[in-house]
Amino acid sequence: MDAEHLTGSKDEEQEQAFTWKHLFQSPDLRRPLFIACFLQVAQQFSGINAVFFFSKSIFESARVDDDHVPFAIIGTNAVNVLMTVVAVPLMDIAGRRPLLLLPMAVMIFDLILMTVCRLVQANDPTIPGIAYVTIACVIIYVTAFAVGLGPIPMMIGAELFRQRPRPKAMSVASVVNWVGTFAIAMTFESIQTVAGDFTFVVFVVLLFGFLVFTYFFVPETKNRTIEEIVASFSSSHRPSKVIESAEEEEMKQLQASPLGRPGDSAAANDREGNRKGEGEEEKEETLRLVTSHAVETTDGKAEEEASTTPAVH
């Protein structure tokens with residue numbers, strides 16, 4: 001019981017070794033944590049939730065027929081699901097950065113075109129085809145989001161951290177994501193009321209800022225090891241003392257584990273083979289001694305019988 005209690009206490013200490021204090025105080029984790037949170041902000045403030053939450057009012061303000069609005073909404077959501085599935089293999093083919101930069105550029109152009117359509121409709125609602133251009137703009141916008149800012153931020157955020165800080169870092173990023181969702185849901189109607197037909201210009205400006213930041217500060221993680229990614233965030237190319245202490249504890253845990261690293265397993269196999277060889281030698285030596293003792297005993301008995309047997313004349 002004492003041994004089990006000590007083992008359990010040791011495991012708990014190792015799990016609690018990397019704390020929230022380490023996450024926010026480690027210099028090597030500040031930049032990747034900021035990037036992970038920034039990408040979540042970019043995802044939410046790109047305007048995607050505004051499009052989904054208020055797609056009906058967007059289509060109605062674009063003078064889309066009431067009979068066509070439900071189909072436009074269903075089509076928009078179907079495209080989002082389909083393109084998210086398509087984005088999964090594209091991540092490893094095209095890379096993370098291209099799937100962030102190019103779709104954001106498309107989203108900027110698309111929102112500008114959507115704003116122009118709204119202005120044209122406001123001046124002359126009788127122009128044919130503008131409503132369908134607006135629907136096409138919304139679908140293109142959702143498509144670009146689904147292959148870029150939709151799946152990439154959470155994936156690339158997880159790839160910026162080692163195993164120990166990753167859960168806490170991604171928890172912080174998730175909180176930022178939901179705070180952004182709440183902020184957009186609570187403020188979009190007010191923005192729409194104040195900005196009117198220029199509502200999406202706000203998101204154009206934000207997307208341009210996100211595009212610039214991503215181009216200069218977000219690294220490519222495709223085909224790179226975690227050591228290479230982590231080293232790119234360290235000016236000295238050496239992890240901080242907080243990371244070093246966490247890694248030392250992790251190495252001790254691996255060394256203590258019977259499954260350890262491949263080198264440890266090979267060494268353990270060698271030691272096991274040596275022990276087996278020594279055991280075989282001991283068995284052979286024991287068998288030799290027993291055999292020798294048995295022969296000596298047999299010889300002794302034969303001599304004794306020969307000495308006690310009377311001679312026959």
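Look up a bit, the structure's there.
*Asks:* Sorry, what's going on with helix H10 (residues 166-195) here?
*Replies:* An α-helix turns once every 3.6 residues. As a result, residues three or four positions apart point the same way. Along its length, H10 reaches its greatest deviation from straightness, about 40 degrees, at Thr187. Turning to H10, its buried residues are Lys168, Ala169, Met170, Val172, Ala173, Asn177, Gly180, Thr181, Ile184, Phe188 and Gln192. Looking one or two residues beyond H10, the residue adopting positive phi is Gly196, at roughly 65 degrees.

*Asks:* Would you mind going over the packing of aromatic side chains with me for this structure?
*Replies:* Within this structure, the stated rule accounts for nine aromatic pairs. Considering the side-chain rings of Phe34 and Phe213, the 5.8 Å spacing of their centres and the 65 degrees angle between planes classify their relative orientation as edge-to-face. Of this pair, Phe34 sits in helix H3 (residues 27-44) while Phe213 is found in helix H11 (residues 199-217), placing the two residues 179 residues apart along the sequence. Residue Phe34 is classed as partly exposed on the basis of its relative accessible area of 48%. On the basis of an interplanar angle of 85 degrees and a centroid distance of 5.0 Å, the ring pair of Tyr215 and Phe216 is categorised as edge-to-face. Through successive ring pairs, a cluster of aromatic residues spans Phe34, Phe38, Phe210, Phe213 and Phe217. Taking the ring centre of Trp20 as reference, the NZ or CZ of Lys168 above it sits at 5.7 Å.

Reading guide: rules and limits
Residues numbered from 1 in each chain as written. Predicted model: local features only at pLDDT ≥ 70, side-chain atom pairs only at ≥ 80, totals over all residues. Heavy atoms only, no water. Bend = angle between axes of the 7 residues up to and from the residue. Helix = DSSP H or I, 4+ residues; strand = E, 2+ residues; numbered from the N terminus. Buried < 20%, exposed > 50% of the residue type's maximum accessible area, 1.4 Å probe, protein only. Phe/Tyr/Trp six-rings, centres within 6.5 Å; stacked < 30°, edge-to-face > 60°. Lys NZ or Arg CZ within 6 Å of the ring centre and 35° of its normal.

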